[in-house]
Amino acid sequence: MTSEASPKDRFVTVYGRKPVLEALADYNLRVDKVLLAEGLRGPVIEEIKDAAADRAVRVERASANRVKLLAGNGRHDQGVLADVVARRMRPLADALADPANAPRTVLLLDGLTTPANVGMILRTATAAGIDGIVVPHRGVASLDPLVIKASAGVAFHAPVLRTRTAGEAAEMLGEAGYPLFALEANAADSIFDADFGSRAVFVLGNETAGLSEDVRAWIAQPVSIPMAGDVESLNVASAAAVLCFELLRRKLA
């Protein structure tokens, strides 16, 4: 059963005058619309309007409060936002609707709140050919300009799967037959030795608190990255990179 996708499941919202201009200047991106706060004037605003007109992108006006609400960041939106089409982004329910074409390897982000980590994970996972990266709408850093910058623009093209919460995603994936593996520093089994089967989900927990209880209930097996030199653990984005390229190594072996 497919879901009814909301705009947040199809677009990455870019806010701020410079990020919006950069999006309009990148012809590899499809910009759906630009929204400007009512009464906003000045040379940069005219430049944005001209750039949008050159690409036949519609420009709409809305109250400053509406722009802040849609941007989700009232301190940095500068009264300007743009909806950029994320071609590979879709609801997780849609990705699971056809079992024959469902993703084989999936990352599930559970409570990652640092934009730099989320951006780097999106870039690394996409580079390693991971089939899907679940980025819940709640509890994880928003796909905003900070995440986009950390991903070096890959966030627009990453295979992002959307759900309301990480717990909801864990339940959907578990019921669809995916085993869930948690990346945890103290797990006895190594990612280099564990048998993941033909399809699997790998959960990356919060930078300090680890996994949420809703997700932990669905974990089939914790796995770790062997550490040497008295190092206890890696940053979550670094750990994700090791995991993703181990999965790619297995795929190519």
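Our structure's up above, just so we're on the same page.
Residues numbered from 1 in each chain as written. Predicted model: local features only at pLDDT ≥ 70, side-chain atom pairs only at ≥ 80, totals over all residues. Heavy atoms only, no water.

Novice: For this particular structure, what's the right way to read the overall build of the chain?
Specialist: Scanning the chain for helices and strands turns up nine helices and eleven strands. In summary, the chain has a C-alpha radius of gyration of 19 Å against a globular reference of 18 Å for 253 residues, a match within 12%. Along the first, second and third principal axes, the C-alpha set of the chain runs to 60 × 45 × 35 Å. Counting over 253 residues, the chain shows a buried share of 47%. Summing over all exposed atoms, the chain offers an accessible surface of approximately 12,500 Å²; the carbon and sulfur share of this is 50%. Side chains of the chain give 28 positive and 31 negative charges; the mean places of these two sets differ by 7 Å. (Helix = DSSP H or I, 4+ residues; strand = E, 2+ residues; numbered from the N terminus. Rg over C-alpha atoms; globule rule 2.2 N^0.38 Å. Buried < 20%, exposed > 50% of the residue type's maximum accessible area, 1.4 Å probe, protein only. Areas by Shrake-Rupley, 256 points an atom, 1.4 Å probe, with all protein chains shown as cover. Lys, Arg positive; Asp, Glu negative; His and termini not counted. Charge placed at Lys NZ, Arg CZ, Asp CG, Glu CD.)

Novice: Is there a simple way to think about the side chain of Asp83 in this case?
Specialist: Relative to the helices and strands, Asp83 resides in strand β4 (residues 80-85). The buried charged residue Asp83 lacks any salt bridge partner; its closest oppositely charged side chain belongs to Lys33, at an N-O distance of 4.3 Å. Of note is the side chain of Asp83, whose polar atom sits 3.0 Å from the side chain of Thr13. When sequence neighbours within four positions are dropped, the list of residues in contact with Asp83 reads Phe11, Val12, Thr13, Arg30, Val31, Asp32 and Lys33. (Salt bridge = Lys/Arg side-chain N within 4 Å of Asp/Glu carboxyl O. Polar contact = N/O pair within 3.5 Å; in protein donor to acceptor, adjacent residues only side chain to side chain. Contact = heavy atoms within 4.5 Å.)

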